[in-house]
Structures are given as C-alpha cells and as structure tokens.
Amino acid sequence: MIPAEAKKRIADLRQQVAHHAELYYRQAKPEIPDRDYDKLERELSDLEKQFPQFAQKDSQTAKVGDDRLEGFTTYRHRQAMQSLDNTYSEEEYRAFHQRLVKQLEREALSYVVEPKIDGLAVSVTYEKGKLTRAVTRGNGEEGDDITANAKTIHSLPHELKAGKKTPVPDIIEIRGEIYLTTEEFQRINQEREEAGEPVYANPRNLASGTIKQLDTREVARRKLEIVLYGIGYCEPQIAESQSGFLALVKQWGLPTVEKFWTADGIDEAWQGVGQLDKMRHDFAYATDGAVTKLDSFALRRAAGSTSKAPRWAIAYKFEPERAETKINAITIQVGRTGVLTPVAELEPVLLSGTTVQRATLHNRDEIERKDIRVGDYVLVEKAGEIIPAVIEVNTKRRTPDCKPYKFPENCPECGTKVVQLEGEVALRCPNYDCPVQVRRRLSHFVSKACMDIDGLGFAMVDELVTKGWVKGLADIYGLKRDDLLTLGKSVEKSSDNLLAAIEASKQRELWRVIHGLGIPHVGVAAAKDLAAHFRDLEKLTEATTEHFIANKESVISGIGATMAEAITGFFKEPRNRATVAALLKAGVEPQVAAKTATSSRFAGKTFVLTGTLPSMSREDATAKIEAAGGKASGSVSKKTSYVLAGAEAGSKLEKAKGLGVAVIDEAEFLRLLEEK
Ligand code: IVH
C-alpha cells in the first residue's frame, strides 16, 4: 500500500471504529459482531504501525472504549482499568508467551486461565470490608458511578466475610463483570416482544443497557448478576498471585469464576483453554473466550503494560458457533397482544450441542434489512450462546426462484389487516377477538405468574374456547360441571379438581389479577407496585395520568410515562373495564396484604423520595418507612413531612423547597429512624 492510500484507509477505519465503539460501549446496541469490530481495530492498528507518520496519540487503538453516559456522576478509579489484547489463533497465543519469556528473561512462567465473561466491566470498592462504590470502566481512568444500581444485585455482598486467615484490606478495588443469566435474558426479551418493543440480541447488551438506567427500581426488576476476578488498587497488599487472590475472593463470600486452571508453561495453559471451551456452555454466564494471566504479581509488575492493555495477560477468543442451513419456511406467530413475530423454520442443524430448527426473525424490518427469503441458505449463530439468530444470507447459494419475502398484510389467524402502532417496530393484529389472541390472553390469565389455575394448560383453554364456553376472562368462573363432563371419559375427577382450582383462584393477590389482565408493558414487578400503591382494582381502573405522573416525575417510583400511558389507555377501553367488572361480579376478590408496621416511629409521617440514595434503593427506603409506620408518597404537598433526596434529585426537590417542606438526606433519614 502506498502512503496516500494508507492515509485514506486509516482515516476511514478510524471513523468506523469510533462509530462502532460508541454503539458497543455507550449504547449497548452494536450493529456488527464483536469479531468484526476486532478485525477493523486490528487492521487500523497494523496500518498505524506500518505507517507511523499517520499514527495518532489518541487513536482508538491506543485507548480503551469509553462507556460513560450523561446523567451519571463520574468517579476516578484509584488504579486504571485496562483492556485486553485479543488473539484468534494458537500461533498468536504462543507468541504472547514468547514475548514474556524474552522480556522477563526466564523460561518458566506460570499462568492462570480463566473464562472471559461476556458482560460489562465493573470495579467494586470495599473499604474496611464494606461495599462503598461500584463504577463502570468508563475510559479506563474514570467511569460512571453505578453504586445504587449495583446494590440491587443480590449476589453482591454489601460486606466482605473476614476470617482469621483472610483479613480484609483497608481499601480494595475488585474487578469483575456484571451479566445476566440466560433465563433472565429470555424472560425480559419475551416480555419485550409481547409489548412490541425491540428485543436485545444478547445478554451482554441487555445487562449493559440495564445497569446504565437512571431508575434504580427498573434495574432491580431485571435480575443482574456479578462475577469478580481481578484486583485493582489494594492497601495493604493481600495477595501475591492471581490464584491466591481468587481463593481470597471466594472466602470473602464474593461470586467468582466457576472454574480456572493454573498452568506451568504455555502448553498447559493452551490445554486449559481447550478444556474451558468444552465446558463453558454449562456456566451461568456467556463466555466468549479465555483469559490467560501470569500468576505471579511480582512478574506482572515486571512485565508492565501498554497504554491500553497489560503485557501479562491475553484473551483468546473462541470461534462463535455458527452453522449454515436452509430456511424451509417463514411462519408468523401471533402473540397475546396481537404482535406478529416471524419465525424461520430451518432444516435442522447441530449448533453448540443442540439441534436448532427454528430461529426468531424478530420483525418485518429485520427480514427486510437482511433480505431473508424462504429457500435461502443462512448462517445461524447462537447469539450470546443462546437464541439462534440468523446472521446473514449466503447469497451465493440463492437460486433464481427465491423471491423476496412478503410480510403478510393480514393476520394469518383471523385475516384482519395488520397495523403498525406509532413508535413500534412490531406489526400487530388489531382484532381483539382474533382466535389466537383470545386463547393466549386466557392462557396468560390462568398461568402460574397470574391466577395460577392448575389444570388449565393451553390445550384445555383451546378446547374451552372452541366449545364456545369461554370467551372473556371472567367466563372461566362460569364454567359448568355438566359441560366439563362432556369432554371425554373419566373426566369426573379432573373436572372437579379444575373447578376447585378455579374457585380457589378467586382469592388471589391483587397483583396477580392486575398482571393477568395483560396490560401492555405491565409485568410482575410493575403489577406488584401498582397493587401496593392502589390496593384496589377499581381505583386502578379509574386512575388518570396525574395519578402516575406529576410535574413530569413518576408518582409511583418505577412506573414511568410509557407504562402510565399504557395503563390509562388500557382502562379507557370499555371492554377492559367490562372485564374487570365481570371478574368482580363473578366473585373474584383480589387480596392485598395488610400493611404491618414493626414500629410507630414514623406514624402519621409522609415521605417523598427523589433522586438516587447512596446506599439504598428506593424499594429499601420505602420498606423502611412503612415498617416504621410511615407512608411513602409520590408527590410533594404541604402535607409532606419529609422529602428524602439523593443524587440527581429532580423537580420534587424544587417543589419541597418552595413549600418549605423539610428536605433530608440518607444519613439524616437513618438517624431519624434510629432516634429514641
Ligand atoms: S482481566 C487489565 N479477566 O474483558 C485487564 N478480564 O476485553 C484485566 N473480562 O476489560 C482484565 N472476563 O472487562 C479479565 N476473566 C477475566 C475477564 C475479563 C472478562 C473483560 C474485562 C476486560 C475485557 C477486555
């Protein structure tokens, strides 16, 4: 390449790398696979080496990706957080060892091989054993303070377990990854698909998008997990090797890597990498590679680091598991809320140990963007190890009879013309009486997460609807024994059991009934919040926007503007109000737990929460207020006793000041709580 060409290519690559780094690190919405990003970065780095006259000090190749966002306080790491150099071949992997042998002037080197967790990097600080801060990697020097959000992670202890042989240092930064389990990832995506929202491609993006939410309550709803594996700043020093440190981390009660290998020399280390590749699918987190690190901290110090990554560690990235197969058909699934989801029916193919026959195509836009056609050969990949996704079409194998896919304009179940709601990518069947929607709606209502009626699976629901006995939710309560008995032989016992289960469901908790109604965007957690706030089904049906949003802030923390709109919109529909009325008439008596206060310290006092508290979630604070006999309210008025304000407090704080309401911080709140 001549210099002029190189200059142009470098400029071009810089722009691309910057664009994709922004999408990956800040927006958690990458457009290209990690591997393609690494390739671009590597090409840029190679060209910069070859043509040093065009190298730039602040090139993306010399710094770590920046994840900082508006709205968070930045915090400076005591010790910088670096990135890792990546390799994709055994040869490059062994070259890493050779460089160290040369630099350290010794042949014998011990390594630790660990899984490379595909989450997002975090640094957690413990001072005298107490969790004081959690910060994202940011630009390596300083990151976003996500303490409040990280504290919602159940597996992250707020205090280290100190032992005689495992004392805790005065201050330590422990590095790790925040991630989502497969199960939680699928649950959230399913909820999003039902709500007509775009789904996340892999758990990493979802975890990253979640931890960077400003509303801690929203974060608490998605069960994030954490795994810790690295040491940052530490005073006084407590370990002299990685293997020693990992053992300490475990003894302190912190979640750490499920398995690691200690290896004498690079041959053993390479074996560890191979073993890891075989077992990594059984781990709770997605792994995209192996990290090999010098075990001895003394040798690490001697090896040092570049501006971006340590010389003492290397990441070996595993081949993503992909396979080529044919799309035999594209079918359309109609969900409970009418959302049409296209599904590729594949020629069965083996991928990561399981046979894959179907892959979601998400929505019409996705099919058009990738120009996916029936009869095409496509590359399928288990995105984040989990859901098979169609990566791309192999157009070389496309035959002339393979025509562009035409997304149906009518619902495949009832023929109604489909619609696209404003701001949604999904297409929906707007027919409330669409036979599939009716069945799915009923199925949802009776499911475990709602009315929990045993013996009413989808097949039974289907039968009841087909017979014409059930149409709306309340019809379940009008089922007749004599009718059920006609369903087949020896159904006496099962009919009686079913009727008993239906009867028992009349006394379910209010949140179950709310969840069962199938209000868009309202999942279990939101249903619980609504139940705790309104404590009465009819009150909820009458609620207006002002009950949810006042001065642009949410009144019920966790219920934002989108949900508020969905709820009020839902109950504006006469048929939904009729459903509620029919349920109550049929004898459904939604139960609300009596509020039990364990003290009367705050009796008669009303608190309003705003902003993010340093050490407790809003949920915790509300629980503390209620346990002390007080009330937590969403809006400030003259009657408010205290406004409990944290970081980034909004208009509620202004209003409190205007009205002369006492404003307290968390420390003051805790003092009041303990006061004699
Ligand atoms: S050690 C000085 N160990 O991979 C950097 N990193 O691509 C030391 N990662 O920023 C990092 N699993 O967020 C290390 N077992 C592991 C890891 C790991 C995942 C992440 C980490 C790092 C990124 C670099």
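Residues numbered from 1 in each chain as written. Predicted model: local features only at pLDDT ≥ 70, side-chain atom pairs only at ≥ 80, totals over all residues. Heavy atoms only, no water.

A. Representation of the overall build of the protein. Secondary structure assignment for the protein yields 24 helices and 24 strands. For a compact globule of 676 residues, the expected C-alpha radius of gyration is about 26 Å, and the protein comes in at 29 Å, within 12% of that figure. When the backbone C-alpha atoms are referred to their principal axes, the protein occupies close to 85 × 80 × 50 Å. Here the contacts in the protein between residues at least 6 apart in sequence split such that 69% fall between residues at least 24 apart. Summing over all exposed atoms, the protein offers an accessible surface of approximately 32,500 Å²; the carbon and sulfur share of this is 49%. Computing the positive centroid from 97 side-chain charges and the negative centroid from 100, the protein places the two 3 Å apart. (Helix = DSSP H or I, 4+ residues; strand = E, 2+ residues; numbered from the N terminus. Rg over C-alpha atoms; globule rule 2.2 N^0.38 Å. Contact = heavy atoms within 4.5 Å. Areas by Shrake-Rupley, 256 points an atom, 1.4 Å probe, with all protein chains shown as cover. Lys, Arg positive; Asp, Glu negative; His and termini not counted. Charge placed at Lys NZ, Arg CZ, Asp CG, Glu CD.)

B. Region of the structure containing the sheet that holds strand 5 (residues 130–136). Here four strands make up an open sheet; going across it, the order is 5-4-7-8 and the pairing antiparallel. Here the strands that pair on one side only, and so sit at the sheet edges, are strand 5 and strand 8 (224–235). Averaged over all pairs of adjacent strands, the angle between their axes in this sheet comes to 30°, without regard to strand direction. Taken strand by strand, helix 6 (residues 203–211) contacts strand 4 (120–127), strand 7 (171–180) and strand 8, and its axis lies near 125° from that of strand 7. (Pairing = 2+ DSSP bridges. Axes fitted to C-alpha atoms, helices over the stretch in contact; angles between N-to-C directions.)

C. Expanded view of the environment of Glu-381. By the secondary structure assignment, Glu-381 is in strand 15 (residues 377–383). Using a relative accessible area of 13% as the deciding quantity, one classes Glu-381 as buried. Along the primary structure Glu-381 and Asp-46 are separated by 335 residues, whereas in three dimensions their C-alpha atoms are 29 Å apart. A distance of 2.4 Å separates polar atoms of two side chains, one belonging to Glu-381 and the other to Arg-322. (Buried < 20%, exposed > 50% of the residue type's maximum accessible area, 1.4 Å probe, protein only. Polar contact = N/O pair within 3.5 Å; in protein donor to acceptor, adjacent residues only side chain to side chain.)

D. The arrangement of the site of the ligand in detail. The full set close to the ligand counts 14 residues, and Glu-114, Pro-115, Arg-137, Glu-177 and Lys-293 are the nearest of them. Between the ligand and the protein, one listed contact pairs a nitrogen atom with a side-chain N or O atom of Lys-293 at 3.0 Å. Taken together, the elements giving at least two residues each to the shell around the ligand come down to strand 3 (110–117) and strand 10 (287–294). Looking at the shell around the ligand, the element that brings in the most residues is strand 3, giving four residues. Here the shell around the ligand is built from residues that sort into seven nonpolar, two polar and five charged. (Near = heavy atom within 4 Å. Nonpolar A, V, L, I, M, F, W, Y, C, P; charged D, E, K, R; others polar.)

E. Spatial organisation of helix 15 (residues 492–504). Spanning 13 residues, helix 15 covers 18 Å between terminal C-alpha atoms, matching the ideal 18 Å at 1.5 Å per step. For helix 15, the full list of buried residues reads Ser-495, Leu-498, Ala-501 and Ile-502. Projected down its long axis, helix 15 carries its buried residues within an arc of 125°, all on one side. More than 90 degrees from the buried face of helix 15, the exposed residues found are Glu-492 and Lys-493. Check the buried side of helix 15 and you find it contacts helix 13 (458–466) and helix 14 (481–485). (Expected span 1.5 Å × (residues − 1). Arc of directions from axis to C-beta.)

F. Inspection of the sheet that holds strand 23 (residues 642–645) at higher detail. Read across the open sheet, the four strands follow the order 22-21-23-24; overall the sheet is parallel. The sheet is open, and its two edges are formed by strand 22 (631–633) and strand 24 (662–664), each paired on a single side. Adjacent strand axes in the sheet meet at a mean angle of 35°, parallel and antiparallel pairs treated alike. Pairing analysis gives four bridges linking strand 21 (residues 606–610) to strand 23, with the strands arranged parallel. Paired with Val-608 across the strands is Val-643, a residue of strand 23. Helix 23 (residues 651–659) contacts strand 21, strand 23 and strand 24 of the sheet and is inclined by roughly 135° relative to strand 21.

G. View of the nonpolar core. The biggest cluster of nonpolar side chains holds 46 residues, and the ones touching the most others in it are Ile-453, Ile-514, Leu-530 and Phe-548. Of all elements in the fold, only helix 12 (435–446), helix 13, helix 15, helix 16 (510–517), helix 17 (524–534), helix 18 (537–542), helix 20 (561–572) and helix 21 (574–585) reach the threshold of two or more residues within this core. Sequence-distant contacts of Phe-548, defined by excluding residues within four places in its chain, comprise Leu-530, Phe-534, Leu-540, Ala-543, Glu-553, Ser-554, Val-555, Ile-556, Ile-559, Ala-564, Ile-567 and Thr-568. (Core = buried A, V, L, I, M, F, W, Y, C linked by side-chain atoms within 4.5 Å.)

H. Fine view of the packing of aromatic side chains. Enumeration over the complete set of coordinates arrives at 16 aromatic pairs. Arranged with centres 6.0 Å apart and planes meeting at 35°, the rings of Phe-602 and Phe-669 form a pair that is tilted. Note that Phe-602 is positioned in the loop between helix 21 and strand 21 and Phe-669 in helix 24 (residues 666–674), a separation of 67 residues in sequence. Of the residues examined, Phe-602 reaches a relative accessible area of 3% and is grouped as buried. Counting every residue linked through ring pairs, the aromatic cluster contains Tyr-93, Trp-270, Tyr-316 and Phe-318. Across from the ring centre of Phe-72, 5.8 Å away, lies the NZ or CZ of Lys-212, which sits over that ring. (Phe/Tyr/Trp six-rings, centres within 6.5 Å; stacked < 30°, edge-to-face > 60°. Lys NZ or Arg CZ within 6 Å of the ring centre and 35° of its normal.)

I. Spatial organisation of empty space enclosed by the protein. Applying the stated rule across the entire model yields two cavities of 30 Å³ or more. Here the second largest cavity is characterised by a volume of approximately 30 Å³. If you go around the second largest cavity, the residues you meet are Asp-118, Gly-119, Tyr-179, Leu-180, Pro-203, Arg-204 and Ala-286. Split into classes, the residues belonging to the lining of the second largest cavity amount to four nonpolar, one polar and two charged. (1 Å grid on protein atoms, 1.4 Å probe; cavity = no way out; pocket = protein on both sides within 12 Å on 5 of 7 lines; lining within 4 Å. Points joined across faces, edges and corners; volume = space filled by probe spheres on them.)

J. Quick peek at helix 6. Within helix 6, eight of the nine residues are buried, which leaves it mostly tucked inside the rest of the structure. Along helix 6, the positions that sit buried rather than exposed are Pro-203, Arg-204, Asn-205, Leu-206, Ala-207, Ser-208, Thr-210 and Ile-211.

K. Quick look at unusual backbone geometry. The residue after Glu-235, namely Pro-236, is reached through a cis peptide bond having omega -10°. Within the element layout of this structure, Pro-236 appears in the loop between strand 8 and helix 8 (242–251). Its identity is not glycine, yet Arg-535 carries a phi of approximately 55°, on the positive side. Among the structural elements, Arg-535 can be located in the loop between helix 17 and helix 18. With relative accessibility at 32%, the residue Arg-535 sits in the partly exposed group.

Distances and angles like these do not, on their own, reveal function.
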